[in-house]
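Residue-level structure breakdown
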Amino acid sequence: MSEKTTDIVDKLLRAKIEELGYEIVDIEFVKKYGQMNLTVFIDIPRGVTLDDCELVHNAVNPILDEADPIKDAYVLNISSPGLDRPFKRQRDFERNYGKEVEVKLYAPLRGKKLYEGILKEKTENFIIIETPDKEDLKLEMTRIALVRPLVRFE
């Protein structure tokens, strides 16, 4: 079995991106707007700016050009993951303990598919959120379609 393109790119770029002080949050290699797009999502505690994206782009583009891991033409994008990006890795959950989250389920539980609350815990099999009525709700990971930060605009 061959290694996924995103895994190859991760191995090529991770050290350089971390050396610059950023974290790779995700990598996508998908067709958009009629062409292949390689998007590397980066983060840093203070938040990602356009200047950060340009800096990382200029640092990693030569690495990709030299290694040439993708034989077909593609567009390289460096992006912020966004305020409401879904949690994918354990560290995404851990970074958000004590913060408000939105949880979408595949099928209704107690008549609802959408829950909001404070993220208290995440294991391999479940998460626990404290609902607005102060109830601890344990949700099995197999039921969860999406967990992301709850963003409120006031």
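Fair warning: this is a prediction, and the values are worked out from it, not measured in the lab. Counting restarts for each chain: residues are numbered from 1 in the order of the written sequence. In view of the model being predicted, local features appear only for residues whose pLDDT reaches at least 70, and side-chain atom pairs are presented and counted only at 80 or more, with totals across whole chains, interfaces and linings using the full set of residues. Each side-chain value is worked out from all heavy atoms of the structure, with water and hydrogens disregarded.

Now for the sheet that holds strand S8 (residues 144–149). At least two bridges found by DSSP between two strands are what make those strands a pair. By definition, any uninterrupted DSSP run of H or I lasting at least four residues is a helix, any uninterrupted run of E lasting at least two residues is a strand, and each is numbered from the N terminus. One open sheet accounts for 5 strands, arranged S7-S6-S5-S4-S8; its pairing is antiparallel. Among the strands making up the open sheet, the edge pair consists of strand S7 (136–140) and S8. Between one strand and the next, the sheet's axes are offset by a mean angle of 45 degrees, whatever the strand orientation. Pairing geometry for strand S6 (residues 126–130) and S7, over 5 bridges, is antiparallel. Counted as the bridge partner of isoleucine 129 is leucine 137 from S7. Comment: axis = line fitted to C-alpha atoms, over the contacting stretch for helices; angle = value between 0 and 180 degrees taken between N-to-C directions.

The next point concerns helix H1 (residues 5–19). Here H1 is 15 residues long and its end C-alpha atoms lie 22 Å apart, about the 21 Å a rise of 1.5 Å per residue gives. Along H1, the helix axis deviates most sharply at leucine 13, where the bend reaches about 45 degrees. Think of it in three bands: with a 1.4 Å probe and only protein chains considered, a residue is buried below 20% of the maximum accessible area for its type, exposed above 50%, and partly exposed in between. All of the buried residues along H1 are Thr6, Val9, Asp10, Leu13 and Ile17. Buried residues in H1 make contact with strand S1 (23–32), strand S2 (35–43) and helix H2 (50–67). Glycine 21 sits one or two residues past H1 and shows a positive phi near 100 degrees. An expected span of 1.5 Å times one less than the residue number is assigned to each helix. To get the bend at any residue, fit one axis to the seven residues that end at it and another to the seven that begin at it, then take the angle between the two axes. Any two residues having at least one pair of non-hydrogen atoms within 4.5 Å are treated as being in contact.

Here we come to the pattern of salt bridges. Salt bridge, as used here, is a side-chain nitrogen of Lys or Arg placed within 4 Å of a carboxyl oxygen of Asp or Glu. The tally for this structure, following the rule as stated, stands at 19 salt bridges. Of the charged contacts in the structure, one is a salt bridge between arginine 85 and aspartate 92, with a shortest N-O distance of 3.4 Å. Per residue, the accessibility class of arginine 85 equals that of aspartate 92, and both read buried. A salt bridge links arginine 148 to glutamate 102; the shortest N-O distance between them is 2.6 Å. In this pair, arginine 148 is assigned in strand S8 and glutamate 102 in strand S4 (residues 100–109), connecting sequence segments 46 residues apart. Judged by relative accessible area, which is 12%, glutamate 102 ranks as buried. Taken together, the salt bridges that share partners define one network made up of Glu23, Asp43, Arg85, Arg91, Asp92 and Arg95.

Before going further, it helps to examine the environment of tyrosine 74. Within the fold, tyrosine 74 resides in the loop between H2 and strand S3 (75–79). The class of tyrosine 74 is partly exposed, set by a relative accessible area of 23%. Considering only alpha carbons, one finds tyrosine 74 and leucine 139, 65 residues apart in sequence, at a separation of 39 Å. The contacts of tyrosine 74, once residues within four sequence positions are left out, are Phe29, Met36, Leu38 and Leu64.

Moving on, we come to the packing of aromatic side chains. The rule is short: rings of Phe, Tyr and Trp, with Trp giving its six-membered ring, pair when the centres are within 6.5 Å, and they are stacked under 30 degrees, edge-to-face over 60, tilted in between. If you walk through the whole model with that rule in mind, you get 2 aromatic pairs. Ring geometry for phenylalanine 29 versus tyrosine 74: centroids 6.4 Å apart, planes at 80 degrees, classification edge-to-face. Taken as a pair, phenylalanine 29 in strand S1 and tyrosine 74 in the loop between H2 and S3 lie far apart in primary sequence, 45 residues in all. Given the relative accessible area of 24%, phenylalanine 29 is considered partly exposed. Taking 5.2 Å as the distance between ring centres and 75 degrees as the angle between the ring planes, the aromatic pair formed by phenylalanine 87 and phenylalanine 93 counts as edge-to-face. Criterion for a charge above a ring: Lys NZ or Arg CZ within 6 Å of the ring centre, and within 35 degrees of the ring normal. For the cation-ring pair, lysine 122 lies above phenylalanine 93, with the distance from its terminal atom to the ring centre recorded as 5.2 Å. Sitting above the plane of the phenylalanine 126 ring, lysine 138 keeps its charged end 4.2 Å from the centroid.

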